[in-house]
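# Understanding the architecture of this molecule
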Amino acid sequence: MLSGVNKHFGDLHVLQDIDLTIHRGEVVIVIGPSGSGKSTLCRTINRLEPYESGSITIDGKELPSEGRELARLRADVGMVFQSFNLFAHKTILENITLGPVKVRKQKPEAARKRAMELLERVGVAHQAEKYPAQLSGGQQQRVAIARALAMEPKVMLFDEPTSALDPEMINEVLDVMTDLAREGMTMVVVTHEMGFARKAANRVVFMSDGQVVEQADPETFFTAPRSERARDFLGKILTH
Amino acid sequence: MAEMLERADFLAAFWMTLRLAVLGTVGALLLGMVVAIMRVSPFTSLQFFARTYVTLIRNSPLTLILFFCVFGLQNSLGMRVGDDLSTQNLFWGVVAISVYHASFIAEALRSGVNTIPLGQAEAARAIGLPFGASLRHVIMPQAVRGAVAPVGNVIIALTKNTTVAATVGIAELASRMKTSIEFFPNLLYLIFVLVAVCFVVLTLPTGLFFTWLSRKVAVQR
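The structure reproduced in this document is the subject of the present report. This one's a predicted model, so the numbers in the text were calculated from it and none came from an experiment.

## Examining the overall build of chain B
Per the secondary structure count, chain B includes nine helices and zero strands. For chain B, the sequential pattern of α-helices and β-strands runs α-α-α-α-α-α-α-α-α. Along the longest, intermediate and shortest principal axes, the C-alpha atoms of chain B span 70 × 40 × 25 Å. Per-residue burial for chain B yields a buried fraction of 44% across its 221 residues. Within chain B, contacts between residues at least 6 apart in sequence are counted, and of these 77% link residues at least 24 apart. Surface exposure of chain B reaches about 11,400 Å², of which carbon and sulfur atoms provide 70%. Of the side chains in chain B, 16 bear a positive and 9 a negative charge, and the two mean positions are spaced by 18 Å.

Next comes the structure, spelled out in structure tokens:
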């Protein structure tokens, strides 16, 4: 469904000749040390970061460069940010209905009803009339997931969704994501949560220095990594 | 003292100052908003024009701009608006005050845009809003909220800067103050207090209003 071929860019060369195919319904977890380009990869998929060469196709369609075409494509790609990025001047409910009403041209009433269902599902329906700053980080991130889901995306991108959260809030977000994965959503998740990777991933992609070093199913990757760099990385994070 | 008040006609002068301040504020807000939108627009030519405008006007003295309008445009080039001299002077006085303060308003609005984290625009794009829609629904509403307090400061400064209009013979408070001092030097301090009170009546409520408004519409992050 999504074949990213050969993207590399920047004088830093943060993504070097990446080839990656993600199939419908697959949950791909991208891990790797800081600065390895995994966030950039995630942001490149819906072109929040431009790239110089190579191509990205979604459902066989090439990613358009800018303008309305790209906006339409982005509507099909849900994105969840590390820093939530809920619209600070809108209520939780308005945050979720903005896209469906303005982009999908849904009726406000229908969009509101659907938004409440989604909020119910992520467990923050009782906060619908509040503003983002009044919610905890974990609640905000779950709203951000609901906002992305409201667009009925073909694929969801998660850019370190739990990195800005207090430890006790990480699980409430991961639970929502695990449910999503179980329901068959296509997901690309950049994360440091190895437990989640083991539990939810169909495939683990290990990146280092802008390259995909290793791809494997989680069991193989965590127990018998092939590459030296992956062994080194896992050794550092799994020992404590 | 009663004679001074009667002859000096402070009420008429206050009314002139009020008109300069209100009309000047309206002009400055409209013009400043246009310049600010040009400044953040994706077109380099508009950005260049806006940047030049702000740099040029903000760094020129108001007196120079006012003299240019009244002596350069009105008297030399004969661009007269209105029937009598006082209307003509008022018109160019308002234009000069608007043009000058629009550069500050534009900067205040731009600072409002700068208070918005980049992630807000990214999130707007990520749900598929095109540039215009993300500007309208996400960026501008937050920018205006963030700019309320600095815009209030500009309006207070504008109110007090109307006194520059005295230099081209517009009969507002400062010019009336000067003539009153000439005729009634023994009431000097009283005249000062009177003019000060007139300005405080204008600026104090403005300041309180904008402080209240900025708190009320502030975006919590």
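## Concerning the packing of helix 8 (residues 173-183) of chain B against helix 9 (residues 188-217) of chain B
All names here are of chain B. Running from N to C, helix 8 and helix 9 cross one another at 170°; their axes reach a closest spacing of 10 Å. Between helix 8 and helix 9, the interaxial angle falls into the category roughly antiparallel. Together, Leu173, Met177, Ser180 and Ile181 of helix 8 and Leu188, Ile191, Phe192, Val195, Cys198 and Phe199 of helix 9 make up the contact between the two elements. Among the residues forming the contact of helix 8 with helix 9, the class breakdown is nine nonpolar, one polar and no charged.

## Overview of the interface of chain B and chain A
Counting residues at the interface gives 19 residues for chain B and 24 residues for chain A. At the boundary of chain B and chain A, one finds one salt bridge. Put simply, A:Arg43 and B:Glu122 hold a salt bridge, and the shortest N to O gap is 2.6 Å. Scanning the region where chain B abuts chain A turns up six residue pairs in polar contact (both at pLDDT 80 or more). No other element matches the seven residues that helix 6 (residues 118-126) of chain B contributes to the side of chain B that touches chain A.

Rules used in this analysis
Residues numbered from 1 in each chain as written. Chains lettered and ligands numbered in written order. Predicted model: local features only at pLDDT ≥ 70, side-chain atom pairs only at ≥ 80, totals over all residues. Heavy atoms only, no water. Helix = DSSP H or I, 4+ residues; strand = E, 2+ residues; numbered from the N terminus. Buried < 20%, exposed > 50% of the residue type's maximum accessible area, 1.4 Å probe, protein only. Contact = heavy atoms within 4.5 Å. Areas by Shrake-Rupley, 256 points an atom, 1.4 Å probe, with all protein chains shown as cover. Lys, Arg positive; Asp, Glu negative; His and termini not counted. Charge placed at Lys NZ, Arg CZ, Asp CG, Glu CD. Axes fitted to C-alpha atoms, helices over the stretch in contact; angles between N-to-C directions. Parallel < 35°, antiparallel > 145°, perpendicular 65-115°, else oblique. Nonpolar A, V, L, I, M, F, W, Y, C, P; charged D, E, K, R; others polar. Salt bridge = Lys/Arg side-chain N within 4 Å of Asp/Glu carboxyl O. Polar contact = N/O pair within 3.5 Å; in protein donor to acceptor, adjacent residues only side chain to side chain.

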